[in-house]
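Read off the chains here:
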Amino acid sequence: MATVPTLTVCCVCKHVAQSPSPPSSWMPMSMYLERHHLRPIDVRFSHTYCPVCYEQQAAAWSIAVKDGSGRTTPRAA
């Protein structure tokens with residue numbers, strides 16, 4: 001019996017991570033499913049934020065964000 005793949009999906013923009021480990025690139029879910037010949041019923045979904053949506057949400061919530069060097073940058077409201 002084949003295992004069911006789990007896709008990491010951004011809970012805001014619905015893009016799918018192409019790689020399970022960071023850093024990964026993100027693409028629209030429909031494009032990912034088509035490229036890999038999958039149907040939504042063929043996979044499980046795990047939700048998170050893509051880097052772009054995370055930064056936007058962090059700014060909206062006025063929380064600190066780690067930049068590419070690992071330093072924490074405070075965000076103003």
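Every value quoted in this text rests on a predicted model; they were computed, and no experiment measured them.

Visitor: Help me get a handle on the overall build of the protein, residues and values and all.
Guide: Within the protein one finds two helices and six strands. Put simply, the protein runs from its N terminus to its C terminus through helices and strands in the order β-β-β-α-β-α-β-β. When burial is assessed residue by residue, the protein has 17% of its 77 residues classed as buried. Entry remark: accessible area of the protein is about 5,700 Å², with carbon and sulfur atoms responsible for 57%.

Visitor: Got a sec to walk through the nonpolar core? Specific residues and values, please.
Guide: Counting residues in each nonpolar core, the largest one holds seven residues, listed as Leu-7, Val-9, Val-16, Met-27, Tyr-32, Leu-33 and Val-43. Where this core is concerned, the elements lending two or more residues are β1 (6-10) and α1 (29-35). Those residues within four positions of Val-43 in sequence are excluded, and the remaining contacts are Val-4, Pro-5, Leu-7 and Leu-38.

Visitor: Account for the packing of aromatic side chains, naming residues and giving values.
Guide: As enumerated under the stated definition, the model contains one aromatic pair in all. When the centroid spacing of 6.2 Å and the interplanar angle of 85° are considered together, the rings of Tyr-49 and Trp-61 count as edge-to-face. Residue Tyr-49 is found in the loop between β4 (44-48) and α2 (51-61), and its partner Trp-61 is found in helix α2; the two are separated by 12 residues along the sequence.

Scoring rules and cut-offs
- Residues numbered from 1 in each chain as written.
- Predicted model: local features only at pLDDT ≥ 70, side-chain atom pairs only at ≥ 80, totals over all residues.
- Heavy atoms only, no water.
- Helix = DSSP H or I, 4+ residues; strand = E, 2+ residues; numbered from the N terminus.
- Buried < 20%, exposed > 50% of the residue type's maximum accessible area, 1.4 Å probe, protein only.
- Areas by Shrake-Rupley, 256 points an atom, 1.4 Å probe, with all protein chains shown as cover.
- Core = buried A, V, L, I, M, F, W, Y, C linked by side-chain atoms within 4.5 Å.
- Contact = heavy atoms within 4.5 Å.
- Phe/Tyr/Trp six-rings, centres within 6.5 Å; stacked < 30°, edge-to-face > 60°.

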